[in-house]
Each structure stands twice: as C-alpha cells, then as structure tokens.
Amino acid sequence: MKRVLITGAAGFLGSHLCERFLNENFFVIGMDNFITGSPKNIDLFKTHNNFQFIEHDVSKYVQIDGDLDFILHFASPASPIDYLKIPIQTLKVGSLGTHNLLGLAKAKKATILVASTSEVYGDPLVHPQNESYFGNVNPIGPRGVYDEAKRFQEAITMAYHRFHNLDSKIIRIFNTYGPRMRLNDGRVLPAFIGQSLRNEDLTVFGDGSQTRSFCYVDDLIEGIYRLLHSDYNYPVNIGNPNEITIKDFANEILKLSGSSQKVIFKDLPENDPLKRKPDIDLARKILDWKPKIQRNEGLKLTYDYFCSLSVEELNKKDHQNFESYNNYL
Ligand code: NAD
Ligand code: UDP
C-alpha cells in the first residue's frame, strides 16, 4: 500500500485530498495545526483504518516514522483575510515549512507536490495567465506575505529538483471552491453565501468589475492526482477559465439563494488583482485535464453544503485560534 503525507489535512483542499487518496487505497497521514482548518473536516475519515492524523506545525521539524511514497504540501493560510491576520505564520509555512517537507521528501525518496497559487502572478499584466508569465507582485504590499512565500516555495522546490534530483511537482491553483470551506474565512464565495444565509447585504469590494475564474473542488483534485502521477516537474496551472466579474458573481449568488438582499459596495483592498483567468493549455496537453463541473452545478452543491451548517456556525464571525497563535511567534 502506497503511503502519502498530506499537510493542511484539516483545511478545505487538504480534507478533499485525504478523501480522494483514501478512496484510491492509499495509507494517508494527515498533518495540520488547525490554524485555519477545523477538526470537523477530518471527522469523516478519522476512524478509517488507513488514516493517521498528526497535529503538528510544519514550520517546525517534521518527523514521520516509516516509508513515504508521496508528500502533498497544502498547509498554508489561503484567504487574504487569514494571511493578513497571521502574516508571519504565512511566510513561515511557505518557506520554512516547504524546506522541512522537501528535506523529508529527499530523506524518504518520496515524490513531493507543493500547492502554489495564481497569486504568484500578482496583479497580472498578461491575460489569461500562462505558466511562462513571471508575474506582477508587490513584495511589500499586504498580500506580499502570501505571494512571496509561494514564490519562494516554487524557487526552493525547483532548487531541490535540480540540485538533489528530487521528483517534485508544482501546481498553481486558481480560485477553487466547494464544501468544507470555512464560512467565515473571508474568501468571496463563503462571504457571499454566508451573507445571503444571514439575510445581510452582499459586500462587493471596489466597483465589482474585477474578475475571478472559479473552479469546483472535484475538478481541482482530479488535476492534482494527475499531476502527481505525471513526469512533469515545472509549474502547471489548474483552474477553470470561465471568468466572471465579482459583481455578476454576487448577483448569481442572490439568484441561487432566492433572497431579496442587495449588493453594497466597499473599498477595494490594496493590490487586489483586477483580473484572473488561467490559461490551461499546458494541463490539457500534459495531463489530458480540463474542468468538467460548470459554475451553476458547483455553486448549487456548495450552497447546499452551507445550508446544512448549524446556526451557531453560520453566525461565527472570526476564527477563534488566531489570537493564541499570534502569541507564539
Ligand atoms: P485552508 O485554510 O482551508 O487550509 C489550509 C490548512 O493548512 C488548514 O487546515 C491550516 O490549519 C493548515 N496549516 C496552515 N499552516 C500550517 C502549519 N504551519 N502547520 C500545519 N498546518 C498548517 O486553505 P485551502 O483553501 O484548503 O488551501 C490549501 C492550500 O492550497 C494552501 O497552500 C493554499 O495556498 C493553496 N491554494 C488554495 C487555493 C484555493 O482557492 N482554495 C488557491 C490557491 C492556492
Ligand atoms: N471580495 C468581495 N467581497 C467580499 C470578499 C471578497 O468583493 O466580501 C472580492 C475581493 O476583493 C476579490 C475577489 O472578491 O476581488 C476574490 O476575493 P477572495 O478573497 O476570494 O480571493 P482572491 O482571489 O482575491 O485571492
């Protein structure tokens, strides 16, 4: 039985990865420190015979007993609101955390896949974004803590590949959504759905003309699975190229929920990218991958998930862990 370590296992994407690899008959070791994740996300498979969970901060030395075939490094805050509140942990997990996991992959002769992001393109001057574009990132802006940590992550991963012949993969993930996102994580989809379920107006930042391209989680997980098993070692974009303005997206959520609230406008956060759309030609070519789930279908599945949450969960405004984590830098 192949053994895989998944960091960020209690987060949105990590929990879907654990589920997929358990279904593919892997032994899965999940690792997380719960800084933005939730124990609820791993409840589903906690008692599975082929699952082991280790509570640990991957920015500190990572110890795993026994063999490892694969490492999927997904630990990192991912929402702009989260990484603004915990900037130093964000920098550490992308840099020190990645270094630890590369060292572990080398020691275990494992293949490693690291989760990078469309944020490496910053506020892009090329549209749609392809892998050869170097990006337009402000290193000292509020989003720099995330963007630069991910750019460093890519650089050190390529260095381990070139210098140590490590089998490494880099995925550049574009905005992905689905069940098990944290309702209060501040990302636009949980923000809008949460507001519609609480009968609040939907807060569009700026004039809402900025665009994003949303990918349903199952499509992303399929792309990750294919990339991990490919022999390609350079960054690959995975995302859904169906682009929409944030204002139109707010109206789609209002239509879906059938609610009578309105859209209100707030200030656009600093360095908020104006456009984002993946060029996925490379993924099509080398992985024979393309997204299959249309936004209307994915939004319905996600909306139904959020509707099933308790009233207490719906009204929780902040993440209880941040303050205590900031005390231990
Ligand atoms: P998430 O916040 O739901 O999950 C991240 C998980 O990592 C959480 O469970 C958190 O507790 C854990 N974590 C953070 N720092 C840690 C540390 N030092 N040690 C151990 N665990 C730690 O976010 P997500 O959307 O699931 O994102 C997962 C990964 O995918 C991140 O690396 C993110 O940068 C990347 N990504 C996600 C998206 C997206 O649209 N969801 C887009 C681009 C990139
Ligand atoms: N956004 C918004 N209202 C919200 C939350 C986000 O208009 O309540 C906007 C945000 O300014 C950005 C887009 O939605 O332009 C996507 O934001 P998100 O935080 O999901 O991630 P990003 O793609 O910026 O990393």
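Use the structure listed above.
Note that this is a predicted model, so its numbers are computed, not measured.

Draft legend 1. Inspection of the site of ligand 1 at higher detail. As a structural note, the neighbourhood of ligand 1 is formed by 29 residues, with Leu13, Asp32, Thr36, Tyr146 and Thr176 the closest of them. Within the side chain of Asn33, an N or O atom sits 3.2 Å from a nitrogen atom of ligand 1. At 3.4 Å from an oxygen atom of ligand 1 is found a main-chain nitrogen or oxygen belonging to Ser76. Contact with the protein chains removes 96% of the 820 Å² of surface that ligand 1 exposes when unbound. Of all elements in the fold, only α1 (12–23), β5 (111–117) and α5 (144–164) reach the threshold of two or more residues within the shell around ligand 1. When residues in the shell around ligand 1 are grouped by element, the largest group, three residues, is from β5.

Draft legend 2. View of the sheet that holds strand β4 (residues 70–73). As summarised here, the arrangement of the seven strands in space is β3-β2-β1-β4-β5-β6-β11, forming an open sheet in which the pairing is parallel. The sheet is open, and its two edges are formed by β3 (51–55) and β11 (235–238), each paired on a single side. If you compare each strand with its neighbour and ignore which way they point, the axes differ by 20 degrees on average. In this sheet, strand β2 (residues 27–32) lies alongside strand β1 (residues 3–7) in parallel orientation, the contact comprising five bridges. Within the sheet, the bridge partner assigned to Leu5 lies in β2 and is Ile29.

Draft legend 3. Summary view of the pattern of salt bridges. Here the structure, examined in full by the defined rule, presents 19 salt bridges. As a salt-bridge pair, Glu313 and Lys40 come within 3.5 Å of each other at their nearest N and O atoms. Here the residue Glu313 occupies a position in helix α11 (residues 311–315), and Lys40 occupies one in helix α2 (residues 40–43), the gap between them amounting to 273 residues. Taking the relative accessible area as the measure of exposure, Glu313 reaches 29% and is therefore partly exposed. Its relative accessible area of 44% is what places Lys40 among the partly exposed residues. For Lys300, the salt bridge goes to Asp304, with nearest N and O atoms at 2.9 Å.

What counts and what doesn't
- Residues numbered from 1 in each chain as written.
- Chains lettered and ligands numbered in written order.
- Predicted model: local features only at pLDDT ≥ 70, side-chain atom pairs only at ≥ 80, totals over all residues.
- Heavy atoms only, no water.
- Near = heavy atom within 4 Å.
- Polar contact = N/O pair within 3.5 Å; in protein donor to acceptor, adjacent residues only side chain to side chain.
- Areas by Shrake-Rupley, 256 points an atom, 1.4 Å probe, with all protein chains shown as cover.
- Helix = DSSP H or I, 4+ residues; strand = E, 2+ residues; numbered from the N terminus.
- Pairing = 2+ DSSP bridges.
- Axes fitted to C-alpha atoms, helices over the stretch in contact; angles between N-to-C directions.
- Salt bridge = Lys/Arg side-chain N within 4 Å of Asp/Glu carboxyl O.
- Buried < 20%, exposed > 50% of the residue type's maximum accessible area, 1.4 Å probe, protein only.

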